[in-house]
Amino acid sequence: GGRLPLGGGRRALQQLSRESARQGMQQPKALSPEASDAMRRQFMAGLRALTYGSLVGLVGVTAAVTLAANAFEIGDASSLRANIKAAMDPFAASVSDLARVLFAAEPSSGARATVAAAAAARAGTEDSAKEAKGGSIVDSEFAKKLRERFKNFKL
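The following refers to the structure shown. Just so it is clear, the structure is predicted and the values come from calculations on it, not from any experiment.

Take unusual backbone geometry next. Although it is not a glycine, Glu73 adopts a positive phi angle of roughly 50 degrees. The residue Glu73 is located in the loop between helix H2 (33–71) and helix H3 (77–102) in this model.

This is how it looks when you write it as C-alpha cells:
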C-alpha cells in the first residue's frame, strides 16, 4: 500500500481499513504435507508431555499427602484438626501477646518486657528470655511510631 500521512485523520484511517480488509480476504498459503505432518507430530509430542507431566504431578502430590499423614499420624479430620491446632497454638499466643503490647493505650516498659519474656519462655529458651527483657522489637522506633499512630484505633 501507499504511505499514510501522519496527520491524515479520517482518510488515512479509511485507507488503512481498506488495506487490512484486502489482506484478510487473501487465502493463506497451503502447507506442504511434510509441514502438516511435522506440525501434527509436534502437537502430539507436546500433548503427550503435558499428560505425562500432569500424571506424575498428581502421583507426587498424592504420595506427599500420604507420607505427611502417616508421619503426623493423621487418620481422620479430627486428628488433622488437633495436629493443626497443636502446631498453631504457640504462634497464636505470640501474635496475641504482640497485639496486646502494640495496641495497649500506654504500655509500660515493664509490661512490654514481661510479655516479651513470657513469649520467649514459651518458646523454651532462657537466653532469648533474657534478651527479651531489654531491646526487643517492641521497643524499636518503628513499633513506637505504629503505637502512636494507632493509639485511638479500635477493632
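What follows deals with H3. Counted at 1.5 Å a residue, the expected span for H3 with its 26 residues is 38 Å, and the 36 Å between its end C-alpha atoms agrees. At Met88, H3 shows its strongest bend, of approximately 40 degrees, with the proline Pro90 following within four residues. Taken together, the buried positions of H3 are occupied by Ser79, Asp97, Val101 and Leu102.

Turning our eyes to something else, we now look at the pattern of salt bridges. Applying the stated criterion across every chain yields a total of four salt bridges. Between Arg41 and Asp37 there is a salt bridge; the shortest N-O distance is 2.6 Å. Residue Arg41 and its partner Asp37 are both found in helix H2; the two are separated by four residues, about one turn of the helix. A salt bridge links Asp89 to Lys85, with the shortest nitrogen-to-oxygen separation between them at 3.5 Å. Separated by four residues within a single helix, Asp89 and Lys85 lie in helix H3, roughly one turn from each other. The class for Asp89 is partly exposed, based on a relative accessible area of 39%. Three or more residues are tied together by salt bridges with common partners; here these are Asp37, Arg40 and Arg41.

So, on to a nonpolar patch on the surface. A surface patch of nonpolar side chains, about 460 Å² in accessible area, is lined by Leu80, Ile84, Met88, Phe91 and Val95. Mapping Met88 onto the fold places it in helix H3. Of the residues examined, Met88 reaches a relative accessible area of 44% and is grouped as partly exposed.

What counts and how
Residues numbered from 1 in each chain as written. Predicted model: local features only at pLDDT ≥ 70, side-chain atom pairs only at ≥ 80, totals over all residues. Heavy atoms only, no water. Helix = DSSP H or I, 4+ residues; strand = E, 2+ residues; numbered from the N terminus. Expected span 1.5 Å × (residues − 1). Bend = angle between axes of the 7 residues up to and from the residue. Buried < 20%, exposed > 50% of the residue type's maximum accessible area, 1.4 Å probe, protein only. Salt bridge = Lys/Arg side-chain N within 4 Å of Asp/Glu carboxyl O. Patch = residues over 30% accessible without salt bridge, like charges linked within 9 Å, V, L, I, M, F, W, Y side chains within 5 Å. Areas by Shrake-Rupley, 256 points an atom, 1.4 Å probe, with all protein chains shown as cover.

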